[in-house]
Structures are given as C-alpha cells and as structure tokens.
Amino acid sequence: MSLFPRSAALAAILWSACSGEEAVSPKPAAAPVPKVVHIGFAGPITGEQAQYGEMVLDGANLRIEEAKADARFKGMDLSLVTGDDQASASQAVTVAQGFAGDPRLPIVVGHFNSSCTLAALPIYDQASLPNISYGSTNDEVGAKSTWTFRTPYKNSLQGASLARYVARKGYKRVAIVSENEDYGKGLAQTFRDAAIAAGVEIVTEASYDKTTTDYSPIVLSLKARKPDAVLLAGFYPQLSVVAKVAREKGLNVPLLAGDGVGSSQSYIEMAGEAAEGTVATGPFLVEQERPDIAAFSTKFQSRFGKPPDSWAVYAYDATGIALEATLKGGAERQGVARALGAYSSRETAYAGLVGPVWFDANGDAVNEDVTLAIVEHGKYRVIRD
Amino acid sequence: MLDLLAASAWDGLASGCLIGLVAVGYSMAYGLARVVNFAHGELFTLAGYFALLLAGSPTPAEQHAAVAIVTVVGGLSAISMTWDRGAKVAGRAGALWGVVSAVLAAVVFRGGLPWWLVVGITVGLSSCVGMAIEFVAYRPLARADRLSPLVAAVGLSQCLVALMQGVFSPKSRFFPSSLTNPLSHLLPLPGALDTLVVTVTVVITAGAWIVARRSRAGIELRAVADDAVLAARLGINTARSARAAFGVGGALAGVAVILQVTRAHVLAPTMGYSYGILAFSAAVLGGIGNLGGALAGGILIGLVLSLLPMLAVIVEQWTGVSLSDQAALPRWLPVLDPSAWGLTLVYLAMAGVLVLRPRGILGERTWRTA
C-alpha cells in the first residue's frame, strides 16, 4: 500500500471526526467526538484454544451492541475489526501488523494469551497503538510497553494464592504440568517460588505443547513421582484432557489450576467426572450472586444461547473501556492512550462488571482479588483463601 | 516403579501402533504414487469427525454439511474408479453414486449409531476420501514436476482444516461415551483399549502381509512399488494402484483415528498437523515406501515418547537430583524436560536416518530410485 491513500484515509477520518464534533457535541470538548469507531479485537478465534475465542468475541460483540443502543454513541459507526491469532505468538504478530497498518483503528482489544500479547506488543508500541488485553496474566505484560494495558490480575497473585492453599492442606510434594508458553510457564514459576518458600517440595515440572495429541506419557511420569497434588498451568481445552487421562491412568490426587481453568464451566463439561475436586483460581465466578452479573448472564444467555464465563465478562469490560476511551480521546491513537491512562485511581476508575477498573503506571489493572474455587458436583464453589 | 515402566512401555506400544497405521498411509502414497500426501493428517482428522457425528448427536447444520461432504466424496471416488472407461461412463457413475451417497448419508448422519456401524462407515468413508483426494489433487499432476504435488498437498490440507473449522467449529471435542465405552471394554482385560489397539494392528498387518504375498492385486502393487515404469510396460494399471494406495491408506487412517481419539480424547480440526508430522516422521524413519518400516517407525516413536519421561524419573531416583529444577542442577546443564525433549529426539532421529540410512532403519530395498 502506498503512503498516499493511507494518509488520505486518515485525513478523511479526521475530517469526518471534526465535522462530527460540530454536529453532536454542543460544548467545546477536549477532543473531537468521532463518527467512526472501529476497534481492533484480537483473540484465539480458531486453533487449539478456540473455546476461549468464541466466549470473548461474544462478550465484546455484546458490548458493541449495547453501545449502539446508547445515546452517547448515537449516529456513530461502531464496529469490531477481528483478528484471529489462533493462540499462536507468530500469528499474533501477523494480526498486530495488520492492525498497526490500519488507520481506522485507534485501539486494539486483545490479545487473550500472554504469549500472544507479549509477541504483539512491540508492534503496537512502534505504531503507537494502544492495546488492552482482557486475558493475559503473565507478570511481564504491562511493564513491557507504555501502550499496553490489561484488565486481569497478574500470575503472581494466582501462584501465591494456590501456594497458600497447598500449604494449608499440608501437601508436601507437588508436581507441575505447564503449557510451553508464557502464561503456563509464568504461572508455574510464580507458584514454584511461592510453594518452595512455604516449604513445599516441587517434585517435577513437565511441560506440554498445545498441539499435543497424547498426554498419557506425561501423566504416567507424574504418577511415578508420587505427588500429593498436581498443578495444571495452562488452558482448559488441553487440561480437561489431562484431567481425564490422569483419572484413567490412576493418578487420583487433587488437581490445582489457575484461571486457565477456573470459573470456566466448559472445563467441567469437558472433563466430566475427572473435574471433581479440582481447585482453581479465577477472577470471580459468573454464578456468584451479584445483580449486575446476573443481569449480564441472562442477557448473554438469551443472545448467544449459552451462559458466559468470566473471560466473556473481561472481554465485555475491556471493549467497554475501549469504547469510552475512544469517546474521550477522539478515535485517535494518542488521545485514546491518554484517556486510558486517565483511569489512574479508584476515583477515576471505569465502572466495569468485574468491579472498578483502573491502571497503575505500567498499565496493569490494580487488582488484588483472586477467587479460589473447588469443583463439587459439577459446579464451582468458592473456598476461602 | 517396574510396573509403571511396563505400563509406560505398553502405552507407548499402543500409541506407536496407531502412529504406524497412519504412517503406512504416507508410505503407500509415496511408494505407489510417488507423492508425499501432506493432506493425510487432515484426512485422519476428517474421519474422526465422521465418527463423532455418526456416534453422537450432530446439529442440523453439521448433518447437512456431512451429507454435502459425503455426496462430493462419493461422487468423486466413483468417478475416480471408472475414469479409465471414458468420461461419459465416469460422469454417470459419479452422478449416480453422488445421489446414492447423499441418500445414505442423510440416513446415517442423524447420529446415535452403534459402535460397529460407526467403525464400518467411518472406515469406508475415509477410504473414499483418500481416493477422492488422489483423484482431485494428485492424478492431474502425475506428469508435473516434483514440487507441484507438494504444493497441492499443502493447499489441500489448508483447505480441509478451514472446512472442518467452518463446519464442525474450531473447538476441540470428545467422542460420546456410546462410542468410547464399548471400544474400551471390547476385550475383557485390564487396559483393554491398548490391548485392542495392538490386536487390531497385528491383525491388519497379518492381513496385509498375506494380501501382498498371495493375491494378484498384492503382487501387482508390489511390482508397481518396485518399478512403476516396468510394471506399466507389463500391462499393470499404475493409476489403479495409486488409487488403491490412497484408498487403503484412508481406511487405515479411519481405523487409527477412532482408536486414537478414544484413548487420547483429543479431536480438533488442527490435530491432523501435529499427528501427521509424527506419522510422517515414522514413515521416514522406516524408509518411506516401506510399509513394515512405517509401522516399525511408528512403534519406535511411540516408545520413545512414552519411555523417555520414565527414564528421567529413573535417573532422578538414581541421582536424587530433580532434572526440572535449575537450582539443583550443575550450572552448565540446562533444565531437561523429557516430555518436551521426546519430540526433539524423534526429529533428530529422523534427520539422522535421512543422512545415514536414507532407506530407513530396516534398510530393506523396496524401491528403486530411477
């Protein structure tokens, strides 16, 4: 693409944005109110972790549909431009390059996997394109770029919570199975550090690739080490299989997991009986009784014919933040980034479904809440941490 | 410990047998049609989805898609089989079989079939898919240069993945228990599924050996594999043997995928790639074109992948050092994760075989480089 049409398109958008200001905003606002708001949305729409992709895309789309009915967005052309990273870091780079070169986009919502966000953020950084992840919990995500924000907590919070649980239950020997990418490795590392500090022995750490077609060798080698419990650091489309195989091969010890499992009903549906007794951290449970979440769940269910999981809620909130920031920042990358940075304290926080969301200097959501839940009779039950 | 080692070996043997059955498909396609059929992994996956829909409760959209796919596949395989008799006959046969397949598919793809019917239909269908692939992607390129069929293979495999993601959703799925339970308990033994896998492989191998040595078709196939030009001069129909290679390879992939998904619980549109690479490596290890070698290569890979992690356990118990703990290891030694190193070892072995023994570990000369 030559430079000229791109800048021409940009000029057209800016012009339409300026004329939009005259038409819609009566008072002299800081930034022009945009007419066209296209938001990039990146996630694992296909590939081995497409289960998440479907949930988060539905969550984001629901938020866009709501905005269309909102008077403040009246007359605007709102839409999501989706990019499928297939949960693969190399694919995430391709998606990010596409977004970076797309002058329509003032912001990207994504990515889901930590490895994808980490791979994509240098490109967003170079293009000065603000991006807000709704799923990446690897500790390093926020600090690596000033243009990267995220709404979930960090892995270290989950690792510490799980390690406290292990110590309290008196498990002496714990084995770790982790997915060979940034989320799994990051969670395994934070758990390992916290567990060793609490006097727990880590008997082994085995890793798998998300394309693995047979988990029995790993499971048998874990069984040979006679652990008291096993930490599953990865994502449920794979871990539900690991849980099934573990029970079939007679590895009948408690399973622990992070939010790659926690609060996703699909894990329980896929693993069936094998899921019973799994203890997992999660941001919160969709089933928990809060009127706003219950209302969201009902709406989601009637729109998409299935209950949401907490990642759908996170994507919904991140899309909401992106919309607000675009409204304030004027559909222009610098302005949107400034608007995101302005969510800097509890007082100025975005009122999300997950609770108030605001960012620290790194762009990480300030969040100390992590829920610990156990699977009992096909449902998650919150246990006190 | 010893019992776990034995369990691991048995597990590896079963997993290796299945890799081997798929590898035979790669090897036959190479031996008889001189193509590396990289779409074989996707054929394997597609057969898995056939079994899933036949045994489970498919949605109306999935039923329609399955009927459409089966109509095309049925028509194409009929055309492929009658192509020698002229375009007119082939066209009629294709149309007729397309309609028949559509009607049959509309009946069977309502799902809920008993396991033996699921196995039978899946194997038949995947054999037809194999023949259709040969007819569409490779036969027109029979006289093209070597690169063209390879490009066609990669393109076809991408198309099939996209088709499966679009039609059956990109999410991973499991077989229903109405299929997995009977298969798991077919033999009244502990670890019955793995025993079943090994038994099925032995029976198929024995059958194939007898057919290859005793029947006219088998002798013709061996002649084509040995020297296609000479065989053609002697009046053997080489196009028919190429079709047979894909048909048999497809059928074996159908058997393998049902057993594999039943024992490992992974069925996703993208699984054909990773499983296909394993099977292809097995075929190369055994000497591509050599069917016994492909099976042996598969078993070797299965055993390596399953015994290597156990070997690490033994080393750890012997030395008292955890191989996955950097703090406990000498500084010059990186963390060794045997579950991740297994694949590396397999590919290294493949590279080694290609360099040192290009005809495979068994070293038998089964084809001539022209």
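As a reminder, the structure under discussion sits directly above these lines.
All figures in this text were calculated on a predicted structure; none of them were measured in a lab. (Residues numbered from 1 in each chain as written. Chains lettered and ligands numbered in written order. Predicted model: local features only at pLDDT ≥ 70, side-chain atom pairs only at ≥ 80, totals over all residues. Heavy atoms only, no water.)

Quick look at the overall build of chain B now. The helix and strand tally for chain B stands at 14 helices and zero strands. Secondary structure elements of chain B occur, N-terminal to C-terminal, as α-α-α-α-α-α-α-α-α-α-α-α-α-α. At 21 Å, chain B has a C-alpha radius of gyration in line with the 21 Å of a compact globule built from 370 residues. Along the three orthogonal principal directions, the C-alpha set of chain B runs to about 75 × 50 × 35 Å. Considering chain B as a whole, with its 370 residues, one finds that 51% of them fall into the buried category. Looking at chain B alone, contacts between residues at least 24 apart form 78% of all its contacts between residues at least 6 apart. Accessible surface, chain B as shown: approximately 16,600 Å² in total, 70% of it carbon and sulfur. Treating the 23 positive side-chain charges of chain B as one cloud and the 15 negative ones as another, the clouds have centres 14 Å apart. (Helix = DSSP H or I, 4+ residues; strand = E, 2+ residues; numbered from the N terminus. Rg over C-alpha atoms; globule rule 2.2 N^0.38 Å. Buried < 20%, exposed > 50% of the residue type's maximum accessible area, 1.4 Å probe, protein only. Contact = heavy atoms within 4.5 Å. Areas by Shrake-Rupley, 256 points an atom, 1.4 Å probe, with all protein chains shown as cover. Lys, Arg positive; Asp, Glu negative; His and termini not counted. Charge placed at Lys NZ, Arg CZ, Asp CG, Glu CD.)

Glancing now at the sheet that holds strand 3 (residues 108-109) of chain A. Backbone hydrogen bonds are what pair the strands of a sheet, in a parallel or an antiparallel way. All names here are of chain A. An order of 2-1-3-4-5 is seen for the five strands of this open sheet, with the pairing classed as parallel. Two strands close off the open sheet at either side, each with one partner strand: strand 2 (77-84) and strand 5 (148-150). Examined bridge by bridge, strand 3 and strand 4 (residues 131-133) share two bridges and lie parallel to one another. Note on strand 4: the bridge partner recorded for V109 is I132. Packing against the sheet, helix 2 (residues 50-68) makes contact with strand 1 (36-43) and strand 2, and its axis sits at approximately 170 degrees to strand 2. (Pairing = 2+ DSSP bridges. Axes fitted to C-alpha atoms, helices over the stretch in contact; angles between N-to-C directions.)

Time to look at empty space enclosed by the protein. Where empty space is left can be seen by rolling a probe of water-molecule size over the atoms. Going through the model one piece at a time under the given rule, you end up with three cavities of 30 Å³ or more. The volume enclosed by the largest cavity comes to roughly 120 Å³. It is helix 8 (residues 236-248) of chain A that contributes the most residues to the lining of the largest cavity, three residues altogether. Size it by volume and the second largest cavity reaches roughly 70 Å³. Along the wall of the second largest cavity there are 13 residues; nearest its centre are T204, A206 and R225 of chain A together with D337 and P338 of chain B. Contributing elements (two or more residues each) for the lining of the second largest cavity: strand 7 (201-208) of chain A together with helix 13 (291-319) and helix 14 (338-356) of chain B. Residue composition of the lining of the second largest cavity, grouped by class: five nonpolar, four polar and four charged. (1 Å grid on protein atoms, 1.4 Å probe; cavity = no way out; pocket = protein on both sides within 12 Å on 5 of 7 lines; lining within 4 Å. Points joined across faces, edges and corners; volume = space filled by probe spheres on them. Nonpolar A, V, L, I, M, F, W, Y, C, P; charged D, E, K, R; others polar.)

Counting residues at the interface gives 36 residues for chain B and 35 residues for chain A. The contact between chain B and chain A buries some 2,700 Å² in all, and 53% of this surface belongs to carbon and sulfur atoms. It is K171, F174 and H265 of chain B that lose the most area in chain B upon contact with chain A, and together they represent 19% of the buried surface on that side. Linking chain B with chain A are four salt bridges, by the criterion used here. Here K249 of chain A makes a salt bridge to D11 of chain B, at a shortest N to O gap of 2.8 Å. Inspection of the chain B/chain A interface yields ten residue pairs in polar contact (both at pLDDT 80 or more). When residues in the side of chain B that touches chain A are grouped by element, the largest group, eight residues, is from helix 13 of chain B. Considered class by class, the residues forming the side of chain B that touches chain A number 16 nonpolar, 13 polar and seven charged. (Buried area = accessible area lost by both parts, 1.4 Å probe. Salt bridge = Lys/Arg side-chain N within 4 Å of Asp/Glu carboxyl O. Polar contact = N/O pair within 3.5 Å; in protein donor to acceptor, adjacent residues only side chain to side chain.)

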